[in-house]
Amino acid sequence: MFKKKLLTLGLAIIVIMSLFVGCAAEKKKEAAKIIGTIRLATTTSTQDSGLLDVILPDFTYKTGYNVDVIAVGSGEAIKMGENGEADVLLVHSPQAEKDFVAAGHSPARYDVMYNDFVIIGPKNDPAGIKAAAPNNAQAAFKKIYDDKVTFISRADKSGTNTKELSIWTKLGLVPSGDWYIESGKGMGDVITMTNEKLGYTLSDRATWLNMSANTDLAIVTEGDKDLFNQYGVMVVDPKKNAQINAAGALAFQEWILSADTQKLIGQYGIEKYGKALFTPNAAAK
Amino acid sequence: MNIIIDRITKEYGGRKVLDVDSLDLNEGAFCGVIGPNGSGKSTLLNIIAGLAEATSGQVFYEEYGMTEPPLKRMTMVFQTPYLLRTTVEKNIAYPLKLRGWKPQDIDNRIRELADELGLTDFLKHKNWSLSGGEAQKVALARALSFRPELLLLDEPTANIDPATTAEIERMLKKTNEEGTTVIVVTHNLVQAKRLCKETLLLNKGKVVEFGPCEKMLKNPENELTQRFIAGEILI
Amino acid sequence: MDVIAEGFKAAIALLLKGDAQLYEIVGLSLGVSLCSVAISTFIGVPLGALIGTRDFKFKNALLRVIYTLMSLPPVIAGLLVFLFIMRRGPLGSLELAYTPTAMVIAQVCLVTPIITGLTYNIVREKADKVKNIAVTLGAGKFEVLKLLLSELKIGILAAIVTGMGRSLSEVGAVMIVGGNIKGKTRVMTTYIAQLKSMGDYSTAIAVGIVLMVLAFLINSFLYNYQQRDERL
């Protein structure tokens with residue numbers, strides 16, 4: 001009998017506490033004078049880098065717009081833009097973005113920042129990639145292809161995947177076989193898989209820095225211009241449907257391209273990793 | 001209450017399981033219903049109780065020609081007692097509450113019944129803590145609480161130990177002496193001889209014989225009855 | 001092996017610290033689940049009882065549908081709801097996509113058949129006995145229903161708690177219609193999935209512990225109630 005009362009009490013406490021805290025969180029938002037919400041479609045790597053968690057509160061504070069961040073693969077983010085399911089996009093697939101604008105889904109795209117990709121593999125580099133091509137992405141890929149080294153691909157139309165495929169294309173090679181694993185997963189998962197299988201993969205530097213401590217991997221190739229990862233922002237054409245928050249989307253675009261925000265972007269990561277994760281490169285107004 | 005059965009039949013999917021032309025039970029009767037398995041005993045009881053509908057025919061309750069069972073003045077006890085999820089006390093009180101009895105009267109009546117059936121120590125016990133015999137006694141007390149005019153029982157002591165069976169039988173006799181009509185289905189011919197004033201033998205849904213108990217069970221006229229009592233399997 | 005150990009250590013630390021984000025997520029999980037189970041109970045219990053005590057023409061067909069829906073894959077429920085509420089969908093103007101409301105809707109679709117089906121089973125199994133007793137003790141139609149509800153209380157409670165467990169542990173539907181948005185639609189299950197994909201195992205384990213503790217508490221509650229079983 002007592003045991004039952006104790007359990008009921010425990011349950012009641014947790015329920016009440018959580019609902020209480022949940023409500024408190026709601027009140028906090030009201031205090032910041034919210035005038036609306038925008039839906040930002042971006043990539044999982046962008047979300048996982050932690051950048052948005054740090055800089056978005058600034059946007060809400062300055063403009064009064066809350067941001068619903070929907071993190072999916074680049075391909076899906078752009079599809080969401082096409083369908084009018086998002087108000088503004090922040091992705092890193094320059095060619096796809098240019099096509100998006102050309103097709104009329106957005107008035108224009110703007111450079112926001114870039115980070116770079118790195119090729120990572122086991123610390124002891126059994127395939128000798130680092131020795132052969134520490135700064136040459138195409139050479140590294142060629143060696144992986146020739147030696148049939150285990151390579152994990154995102155295979156999900158993400159920005160990272162697009163970058164990877166572009167390198168194969170430049171080499172005129174079509175990777176296939178047991179060594180080439182098409183996972184269809186996000187960057188974090190792919191790094192985990194690479195670690196498990198002692199293979200190699202292409203990753204954006206931000207996610208890599210976030211996860212490196214938990215793996216036995218290391219960078220084998222970096223610094224090549226081919227490994228450049230350019231982020232772009234685009235507002236979705238508001239004529240698509242009545243729910244698109246055009247004003248909010250434009251406010252976001254303006255904010256992320258502004259000098260103050262660009263400075264914030266350039267500072268992200270220094271405290272934690274000693275090095276900035278992103279280099280802001282919005283065109284000066 | 002007296003019961004008149006008028007050409008009652010019951011069919012299940014084209015098969016006739018009960019076909020009783022007529023049966024007359026006077027007020028104060030104590031009728032034992034016997035017969036082989038599947039002879040329609042329980043079906044007959046359920047129809048009288050209002051739990052099942054006859055395919056054709058009527059049951060008349062009381063001389064006034066009531067064809068609807070007067071549910072508030074009759075009751076039934078089943079082979080396996082179903083007690084409500086509560087104390088013995090509250091179980092017995094349930095039918096009294098349904099009939100709007102005053103709390104004081106309910107208390108008195110419960111005490112009276114508990115006394116007669118040896119349940120006084122069990123009143124505050126929960127239903128799941130009782131043995132089979134105790135539970136059946138509670139079911140009986142509950143059924144008798146409002147002093148029904150008609151009491152139906154379907155093999156009430158089939159799974160009960162002899163001592164408790166004796167208590168229950170004593171209670172049934174007493175109730176019958178106070179005027180309640182009792183119809184009890186039983187497999188136990190010795191029990192029937194002990195309790196009943198009249199006996200009804202069913203076989204394959206039809207009445208084989210109906211008559212005063214002692215005569216039927218000691219010197220049956222009907223050949224089928226003879227064979228049944230002798231323990232033969234009736235086909 | 002030490003990843004897991006590290007994870008547990010970090011988990012305890014996080015829980016004791018009283019991390020606000022964690023509590024917000026737990027609160028939302030409970031809120032969404034309690035809400036959807038409440039609605040599902042309101043619909044499912046009477047519906048299950050009704051089907052269990054009556055006979056009607058399409059009863060068998062209806063039961064087949066309910067039993068199938070009981071194992072409806074959550075991602076399908078999520079997908080279907082999303083197709084309706086997305087901006088391009090027929091209910092797009094209601095702006096329900098990526099909101100806790102959408103999560104409740106999807107979960108109601110999942111939990112209602114479960115509660116209905118389980119209630120139906122309980123009622124079908126016991127309703128006849130209860131009805132017989134009620135009728136032979138002189139209960140009228142309404143009193144029979146009252147008795148039915150009070151006698152089957154525990155079985156029905158089991159059905160509700162089963163629904164609650166299903167709802168708390170569900171991740172596919174709430175991910176699709178909710179989007180795991182920080183501070184808005186992030187619940188324990190979607191958060192765990194995200195943390196794992198980010199490689200943050202310690203926080204994932206911490207949230208996992210909270211989820212398991214809640215599940216344990218809810219089930220212990222039921223277990224204690226069920227302890228005293230009936231003897232029919």
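Not measured: the values here are computed from a predicted model.

A. Structural context of the overall build of chain C. A tally of regular secondary structure across chain C gives ten helices and zero strands. Mapped in sequence order, the helices and strands of chain C form the string α-α-α-α-α-α-α-α-α-α. Expressed as lengths along the three principal axes of its C-alpha atoms, the size of chain C is roughly 65 × 45 × 25 Å. Counting over 232 residues, chain C shows a buried share of 46%.

B. Up close: the overall build of chain A. From N to C terminus, chain A includes 13 helices and ten strands. Residues classed as buried in chain A amount to 43% of the 285 residues present.

C. Structural detail: helix 4 (residues 74-82) of chain A. All names here are of chain A. Burial in helix 4 covers these residues: Ser74, Ala77, Ile78, Met80 and Gly81. Summarising the axial view, the buried residues of helix 4 lie within an arc of 155°, below the 170-degree limit, and thus occupy one face. Here the buried face of helix 4 lies against strand 1 (36-43), strand 2 (65-72), strand 3 (88-91), helix 5 (94-102), helix 8 (159-171) and strand 9 (228-235). Phi turns positive, to about 75°, at glycine 84, one or two residues after helix 4.

D. Quick look at the interface of chain C and chain B. Listed as interface residues are 15 residues of chain C and, on the opposing side, 17 residues of chain B. Of all elements in the fold, only helix 5 (100-136) and helix 6 (141-151) of chain C reach the threshold of two or more residues within the side of chain C that touches chain B. Take the side of chain C that touches chain B: its biggest share by element is five residues, from helix 5 of chain C. Among the residues making up the side of chain C that touches chain B, the classes are represented as five nonpolar, three polar and seven charged.

E. The nonpolar core, seen in detail. In terms of nonpolar packing, the biggest core is built from 194 residues, with Leu40(A), Val88(A), Leu89(A), Ala102(C), Ala106(C) and Val177(C) touching the most fellow members. Contacts of Val177(C), omitting those with residues within four sequence positions, involve Gly78(C), Val81(C), Phe82(C), Ala97(C), Ala102(C), Met103(C) and Ala106(C).

F. Fine view of the packing of helix 4 (residues 132-144) of chain B against helix 5 (residues 162-177) of chain B. Residues and elements named next belong to chain B. Interaxial distance between helix 4 and helix 5 falls to 10 Å at its minimum, and their mutual angle equals 10°. Here helix 4 lies roughly parallel to helix 5, going by the angle between them. Contacts from Gly133, Gln136, Lys137, Leu140 and Leu144 of helix 4 reach helix 5 at Thr164, Glu167, Ile168, Met171 and Thr175. Across the contact of helix 4 with helix 5, the residue classes break down as four nonpolar, four polar and two charged.

G. A look at the confidence of the model for chain C. The share of residues in chain C with pLDDT of 70 or more is 96%, and the mean pLDDT across the chain is 87. As a predicted assembly, this complex carries a pTM of 0.76 together with an ipTM value of 0.86.

H. Inspection of helix 2 (residues 20-53) of chain C at higher detail. Helix length check: helix 2 of chain C (34 residues) gives 48 Å between terminal C-alpha atoms against 50 Å at 1.5 Å per residue, within 8%. At Thr41(C), helix 2 of chain C shows its largest bend, some 30°.

I. Layout of the arrangement of the chains. Here two pairs of chains make contact, and the pair sharing the most contacts is chains A and C. What separates chain A from chain B at the closest point of their C-alpha atoms is a distance of 15 Å, and the two make no contact.

J. Representation of the environment of Tyr12(B) within the structure. Mapping Tyr12(B) onto the fold places it in strand 1 (residues 3-12). In the structure, Tyr12(B) is positioned 43 residues away from Thr55(B) in sequence and 8.9 Å away in space, judged by C-alpha atoms.

K. Here's a closer look at unusual backbone geometry. Notably, Ala155(A) is not glycine yet its phi reads approximately 50°, a positive angle. Position of Ala155(A) among the secondary structure elements: in the loop between strand 5 (151-153) and helix 8. Residue classification places Ala155(A) among the partly exposed positions, given that 16 C-beta atoms sit within 10 Å. With a phi angle near 55°, Asn180(C) is a residue other than glycine that sits in the positive phi range. Locating Asn180(C) in the fold gives a position in the loop between helix 8 (172-178) and helix 9 (188-198). Classification of Asn180(C) as buried rests on a count of 22 C-beta atoms within 10 Å.

L. Local environment of the environment of Arg170(B). All names here are of chain B. In this structure, arginine 170 sits in helix 5. With 13 C-beta atoms packed within 10 Å, arginine 170 lands in the partly exposed category. Taking C-alpha positions, arginine 170 is 9.3 Å from leucine 117, a pair spaced 53 residues apart along the chain.

M. Fine view of the packing of helix 2 of chain C against helix 5 of chain C. Residue and element names in this part refer to chain C. Running from N to C, helix 2 and helix 5 point in directions that differ by 35°, and their axes come no closer than 6 Å. Between helix 2 and helix 5 lies a crossing of right-handed hand. Among the residues making up the contact of helix 2 with helix 5, the classes are represented as 19 nonpolar, twelve polar and one charged.

N. Focus on the pairing of strand 3 (residues 30-34) of chain B. All names here are of chain B. Strand 3 sits mainly inside the fold: five of its five residues count as buried. The alternating pattern of strand 3 places Phe30, Gly32 and Ile34 on one face and Cys31 and Val33 on the opposite face, and all of these are buried. As judged from the four bridges shared by strand 3 and strand 7 (residues 181-185), these two strands associate in the parallel manner. Within strand 7, the residue paired with phenylalanine 30 across the bridge is valine 182.

Definitions and cut-offs
Residues numbered from 1 in each chain as written. Chains lettered and ligands numbered in written order. Predicted model: local features only at pLDDT ≥ 70, side-chain atom pairs only at ≥ 80, totals over all residues. Helix = DSSP H or I, 4+ residues; strand = E, 2+ residues; numbered from the N terminus. Buried ≥ 20, exposed ≤ 12 C-beta atoms within 10 Å, placed from the backbone. Arc of directions from axis to C-beta. Contact = placed C-beta atoms within 7 Å. Nonpolar A, V, L, I, M, F, W, Y, C, P; charged D, E, K, R; others polar. Core = buried A, V, L, I, M, F, W, Y, C linked by C-beta atoms within 7 Å. Axes fitted to C-alpha atoms, helices over the stretch in contact; angles between N-to-C directions. Parallel < 35°, antiparallel > 145°, perpendicular 65-115°, else oblique. pLDDT = per-residue confidence, 0-100. Expected span 1.5 Å × (residues − 1). Bend = angle between axes of the 7 residues up to and from the residue. Left-handed = near helix turned anticlockwise from the far one by under 90°. Pairing = 2+ DSSP bridges.

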